[in-house]
Amino acid sequence: MNTPQLPSPRSEFLRGILDTLPVIIGLLPFALILGIQGGNKGMSALEMAMMTGLNFAGGSEFASVGLWAQPLPILLIIGVTFMINIRHILMGAALTPYIKHLPMKKILPTLFFMTDESWAMSMADIRKRKEAGLPLFSLPYYAGICATLYTIWVASSALGTVIGPYLGNIDNWGFSMAFPAVFLVLLRGMWKGWKPALPWLVSLMTAIAAYLLFKGAWYVPAGAAAGLLCAYITGGSDA
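Residues numbered from 1 in each chain as written. Predicted model: local features only at pLDDT ≥ 70, side-chain atom pairs only at ≥ 80, totals over all residues. Heavy atoms only, no water.

Colleague: Can you walk me through the overall build of the chain in this structure?
Modeller: A tally of helices and strands in the chain yields 11 helices and 0 strands. Secondary structure elements in the chain, listed N-terminal to C-terminal, are α-α-α-α-α-α-α-α-α-α-α. Within the chain, the fraction of its 239 residues that count as buried is 41%. Contacts in the chain between residues far apart in sequence, at least 24 positions, make up 76% of those at least 6 positions apart. When the accessible surface of the chain is summed, it comes to about 13,800 Å², and 71% of that surface belongs to carbon and sulfur atoms. (Helix = DSSP H or I, 4+ residues; strand = E, 2+ residues; numbered from the N terminus. Buried < 20%, exposed > 50% of the residue type's maximum accessible area, 1.4 Å probe, protein only. Contact = heavy atoms within 4.5 Å. Areas by Shrake-Rupley, 256 points an atom, 1.4 Å probe, with all protein chains shown as cover.)

Okay, structure coming up:
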């Protein structure tokens, strides 16, 4: 039986960049919106770049900007950021079986740059590589994804603080649909049928209920935990 020829790290890195370009179309407006909102709160381009660069997670960044005030409620921002980003614990746990063979000096950057988009794209690629008989996790491919997302997100959010005053109220432009559209595309890439998608439905319904019943961002960990529990109960480990 012939062993599939492994692609070069360079080609894998470029493949990651190319696969990320359609996602960028949806993320770019949101990065600009984040920067514009930060600029309206008095944040400079440097402050925005530092925040998005150190806390590379879009949802919590929007929450932080929403809470930005004088004096700065540091403990509140830290608490909300942790609550929203707690989903990364579950995402990291799902990715761990495929990266545990890597040295720690590579695992730590892999987890730092992990976002909803890079995680979803990597999990979809793992499934494709499994079908092709290739090693399941391609670090160069993942690096190409993360390098593109990180650069565009940080630079565009910083740019938003600069150009915001010239754009007016951009909510009227319809950019709010960009982010949901990105996640629908990512979910489509991971689609394996209705039965494996049951945890997604449970997660969605739980998140909606938590959003309606409780204040704050509790719907994020509630939805993630419910989906994970459903996958465990139904045996949907590959969902």
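Colleague: What exactly am I supposed to notice about the packing of helix α1 (residues 9–40) against helix α3 (residues 58–67) here?
Modeller: Helix packing for two helices is described by the angle between their axes and how far apart those axes are. Two elements in contact, α1 and α3, have axes separated by 9 Å at closest approach and are oriented at 20 degrees. Classified by the angle their axes make, α1 and α3 are roughly parallel. As α1 runs across α3, the sense of the crossing is left-handed. Residues F30, I33, L34, Q37 and G38 of α1 lie in contact with α3, whose contacting residues are E61, F62 and V65. When the residues that make up the contact of α1 with α3 are grouped by side-chain class, the tally is 5 nonpolar, 2 polar and 1 charged. (Axes fitted to C-alpha atoms, helices over the stretch in contact; angles between N-to-C directions. Parallel < 35°, antiparallel > 145°, perpendicular 65-115°, else oblique. Left-handed = near helix turned anticlockwise from the far one by under 90°. Nonpolar A, V, L, I, M, F, W, Y, C, P; charged D, E, K, R; others polar.)

Colleague: I'm lost on the UniProt feature "transmembrane region" (unreviewed entry) in the chain in this one. Help?
Modeller: Within the UniProt annotation, "transmembrane region" (unreviewed entry) is assigned to residues 20–36, 74–99, 132–153, 173–191 and 198–214. As a span, residues 74–99 carries 96% helix and 0% strand, and end to end its C-alpha atoms are 34 Å apart. Here residues 132–153 runs as 73% helix and 0% strand, with 32 Å between its end C-alpha atoms. (UniProt positions renumbered as here; feature names shortened; annotations may be inferred.)

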